[in-house]
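# Architecture at a glance
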Amino acid sequence: MAIYVDEQTRTFYLESKNTTYAFCANPFGFLQHIYFGKRIAREDLSYGVFLNARGHGSHIPHGNWMQSLNQYSNECPTFGRSDYRESAVALDFDGVRVFDWQYVGYTILKTKPPLEGMPSVRGKDTLVVSMRDERTGAAIDLSYTVFDDVPVILRHAVIRNGGKKPFTVDRAYSFCLDLPDADWQAVTLYGAHTRERFMQRADLKRGVFSVDSKRGVTSGQMNPFAAFVRKNTDENTGEAYGVNLVYSGDFVLKAQIEESDTVRVLGGINDYDFSWRLEPDQTFTTPEAVLVYAEHGLGEMSRAFHDLYRAYLINPRYVRAPRPVVLNSWEAAYFDFDEKKLLEIIDATAKTGVDTFVLDDGWFGARNGDNAGLGDWVVNTQKLPRGLTPLIERTHERGLKFGLWFEPEMVNPDSDLFRAHPDWAIHVDGLEPCPGRNQLVLDLTRDEVCDYIVGAVSKVLRENAIDYVKWDMNRCLTENYSAHLGARGKETHHRYVLGLYKICERIVNGFPHIFFEGCAGGGCRFDPAMLYYFPQIWTSDNSDAYWRTVIQYGTSLCYPVSAMSCHVSDCPNHQCGRVTPFSSRGDIAHLGATGYEFDPTRMSAEEIAAMHGQIAAYKDMQDLVLNGDLYRLHDPLDGNLFAFELVSKDGDRAHITVMRSLCLPNDKCLRLFPRGLDENATYFIPETGVEKAGSTLMYYGLIVNIPFGDFTTATYTLLRR
Ligand code: GLA
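Residues numbered from 1 in each chain as written. Predicted model: local features only at pLDDT ≥ 70, side-chain atom pairs only at ≥ 80, totals over all residues. Heavy atoms only, no water.

### Describing the sheet that holds strand β29 (residues 564-569)
Here is the rule we go by: In this description, strands pair whenever DSSP reports at least two bridges between them. Working definition: helices are DSSP H or I runs of at least four residues, strands are E runs of at least two. Numbering for both runs from the N terminus. The axes used here are C-alpha line fits, helices contributing only the stretch in contact, and every angle between their N-to-C directions lies in the interval 0 to 180 degrees. Whether two residues are in contact is decided by their heavy atoms, any of which lying within 4.5 Å being enough.
Taken in spatial order, the eight strands close into a barrel running β21-β22-β23-β26-β27-β28-β29-β30, and their pairing is parallel. Averaged over all adjacent pairs, the angle separating strand axes in this sheet is 30°, with direction ignored. Pairing of strand β28 (residues 536-538) with β29 involves two bridges; the strand directions are parallel. Across the sheet, the residue bridging to Ile537 is Met564, located in β29. With respect to the sheet, helix α11 (residues 582-589) is in contact with β29 and β30 (593-597), its orientation differing from that of β29 by roughly 170°. Against the sheet, helix α12 (residues 605-627) engages β21 (326-328), β29 and β30, with an angle of about 165° to β30.

In structure tokens, the structure reads:
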């Protein structure tokens, strides 16, 4: 049984694969957190609370002066009743912001209901624990889902106005997790456009550490992910708690150390510029938080996220199916094409071995550059007088699938849509809006705007035989306001995200035969909620093979490699001018959903032949990309090497990719230590002809020989004999 309740002590035990999560409704009536970690016996845990007589504080009414909420771990801390640390929920009831939350009961569900209006992880055993404030009728339901097969707890909260007067929700975080001591480091993912999700690791100090976004999207600057690890935690040893929010808008994740020298981890929707008015009988649902506990390092933590997302989040229709190998037109032609040029590219693409041709930006409205056309989802007849049909027909005749680019959430001021509905762009009357890439953001808080987008995009998808869509989003939000919300302007960003989910539901689910890839100016909206709609996301506009090792390394901390769209692009690289071998670009792009991004009409016969070889090699290893376990063998920012290993769940096969950044003459012997093999099995390595035991390879090591030159790669296949 995954959820067990001791009615006498009012203790809840959530037993996941190898983990226990325990909390209780204590004698004071609040939900006291007890434990999250390696599986322990199900027994009375009340002895574990350490109360200390700390002066200059306050305590619970009728309690002794050690019984301050500041001393307890709490599942849902609130402010104003003797806990001075960060709170998870803040409500304003006519100016009164103090509540007395008391446990009222629990329900156990056999199937987890979906979250209202938001994507969430599918699950079974779910515990819902309710608290109520008698005076106002306000209530909070905390939801916990537990799994047999992954060391994961899902959490979210529903705030309910069960009273007679409206109130305002000023903060509604998804979870709070109090860790028992202060010796933790935070691992987070930071970056920018073209350098998304670099890994950062830092000691937690006293005070509040936080990562957040105020940009309306999760952003490339900070990802809604954090891990809390011991100083000695590495890829294979040491504790790691991972947190990831299933959300695509403004978020915050915090870790606070206060007087008790424990860490309070909490987060959810960023409350920096947020509030939500709740009328009687209405509810507010927070996004879902995914909590992972790993006893054996960051690698184990990542594999838990990957397993969860592949089994329970990403669309089952696509998650394990071979992905389309695309050739995308963006770096092949940018905006500069006409029908003749595209037909030539399609003909050349058909000779390369890829299976899908994707027509990127530039095919619609007056889109001859990035300053016009967004919002007008009708063909650009100046470039394509005969429409899309001849292109689609040619693509299909050549045996390829046809993909098309959209940026549904945006509008250029120079567009028919904007001329007809200038008020549909997010703005504040009387203020010139801040443009980004010459475009404004459509106000998805308005139903008529969402209806327009769904109608216009669906019309193109209905009237054309399209197999694949790339859904882009190329700027962050500004002017957090929508006139129709009036005084409720602080609801704008969250309502934008809810509008986005509504249009994704309608378009993505409306065309189940179409494969949708996500994108946001490269990888600036790479989060689990987007993965719910898009089985893969364009990882970064930076397609340089070296920088991609860094970006893919960081991204893999919580997202499976199959979620990362990775293309081989032209040389010198369009983002940083680096020249890397074609084989290196292929090997790195194979560690994800692979594809190509250049003009095939300009490729030499040798390069086309090499492409065929690369695609065949990818198809041979694709099962590992889709279903395998990832082991990060070497961090590219820690020295001169990058190495990833993918191992099949049964240990029968593994694939290792290694890149050496700079060739070092007279270099040392380069030895890698593969993981996840069967110690007692023998593995054959066709690339070297060597046959060795799993134990030998894992502990004595695999000697790698990397070709001469900079940014060269080597790959090894390990096959169980
Ligand atoms: C973004 C995407 C690119 C490309 C361009 C088109 O930058 O990340 O892949 O689609 O937009 O404008």
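### Section: the packing of aromatic side chains
The criterion, for reference: Two aromatic rings, drawn from Phe, Tyr or Trp (for Trp, its six-membered ring), form a pair once their centres lie within 6.5 Å of each other, and the interplanar angle then sorts them: stacked below 30 degrees, edge-to-face above 60, tilted otherwise. The rule for a charge over a ring is simple: NZ of Lys or CZ of Arg within 6 Å of the ring centre, and within 35 degrees of the ring normal.
In the structure shown here, the tally under the stated rule is 45 aromatic pairs. Each residue in the set Phe12, Tyr21, Phe23, Phe36, Tyr103, Tyr106, Tyr144, Trp184, Tyr241 and Tyr293 is aromatic and connected to the rest through ring pairs, giving one cluster. For the cation-ring pair, Arg230 lies above Trp184, with the distance from its terminal atom to the ring centre recorded as 3.6 Å. Sitting above the plane of the Tyr700 ring, Arg671 keeps its charged end 5.0 Å from the centroid.

### Points about helix α5 (residues 389-397)
Note the cut-off: Exposed residues in this analysis have more than 50% of their type's maximum accessible area, buried residues have under 20%, and partly exposed residues fall in between, with area computed by a 1.4 Å probe over protein chains only.
Within α5, burial applies to Pro390, Leu391, Ile392 and Thr395. The inward-facing, buried residues of α5 contact α4 (339-350), β22 (356-359) and β23 (401-406). Directly beyond the C-terminal end of α5, a positive phi value near 85° is found at Gly399.

### Quick word on the site of the ligand
Short version of the rule: We call a residue near a molecule or strand when any one of its heavy atoms sits within 4 Å of it. What qualifies as a polar contact is a pair of N or O atoms within 3.5 Å, subject to a donor-acceptor requirement within protein and to the restriction that residues adjacent in sequence count only when both atoms come from side chains. Note on areas: Shrake-Rupley, 1.4 Å probe, and residue coverage restricted to the protein chains presented here.
Around the ligand, a shell composed of 13 residues is seen, among which Asp360, Asp361, Lys470, Gly522 and Asp541 lie nearest. Asn474 places a side-chain nitrogen or oxygen 3.2 Å from an oxygen atom of the ligand. Gly522 has a polar backbone atom sitting 2.7 Å from an oxygen atom of the ligand. Across the complex, the protein chains shield 97% of the 300 Å² of accessible surface that the ligand would expose by itself.

### Comments concerning the layout of surface pockets
Selection criterion: Lining residues are those with an atom within 4 Å of a point, where the points come from a 1 Å grid over the protein atoms alone and group into cavities, where a 1.4 Å probe fits but cannot get out, or pockets, open sets with protein on both sides within 12 Å along at least five of seven lines. Grid points are joined across faces, edges and corners, and a volume is the space filled by probe spheres set on the points. Amino acids are sorted into nonpolar (Ala, Val, Leu, Ile, Met, Phe, Trp, Tyr, Cys and Pro), charged (Asp, Glu, Lys and Arg) and polar (every other residue, Gly among them).
Looking at the largest pocket, its volume works out to about 610 Å³. Looking at the largest pocket, it is lined by 30 residues, and the ones nearest its centre are Ile34, Gly48, Val49, Ser73 and Pro180. Only β4 (31-38) and β10 (167-179) provide two or more residues apiece to the lining of the largest pocket. Here the lining of the largest pocket gets seven residues from one element, more than from any other, and that element is β4. For the lining of the largest pocket, the residue count by class is 15 nonpolar, nine polar and six charged.

### A closer look at the pairing of β10
Most of β10 sits out of view: eleven of its 13 residues are buried. Inspection of the sheet shows strand β5 (residues 89-92) paired to β10 by four bridges, in the antiparallel sense. Residue pairing for β10: Asp92 is matched across the bridge by Thr168. With three bridges connecting them, β10 and strand β18 (residues 276-278) associate as antiparallel partners. Paired with Val169 across the bridge in β18 is Trp276. Inspection of the sheet shows β10 paired to strand β17 (residues 263-269) by six bridges, in the antiparallel sense. Counted as the bridge partner of Tyr173 is Gly268 from β17.

### What to know about unusual backbone geometry
In the segment running from Cys571 into Pro572, the intervening peptide bond is cis, with an omega of -5°. Position of Pro572 relative to the elements: it lies in the loop between β29 and α11. Phi angles above zero are rare outside glycine, and Arg10 is one such case at about 55°. Relative to the helices and strands, Arg10 resides in the loop between β1 (3-6) and β2 (11-16). Look at Thr194: it is not a glycine, yet its phi comes out positive at around 70°. Note that Thr194 resides in the loop between β11 (185-192) and β12 (195-203). Here Thr194 falls in the partly exposed class, since its relative accessible area comes to 23%.

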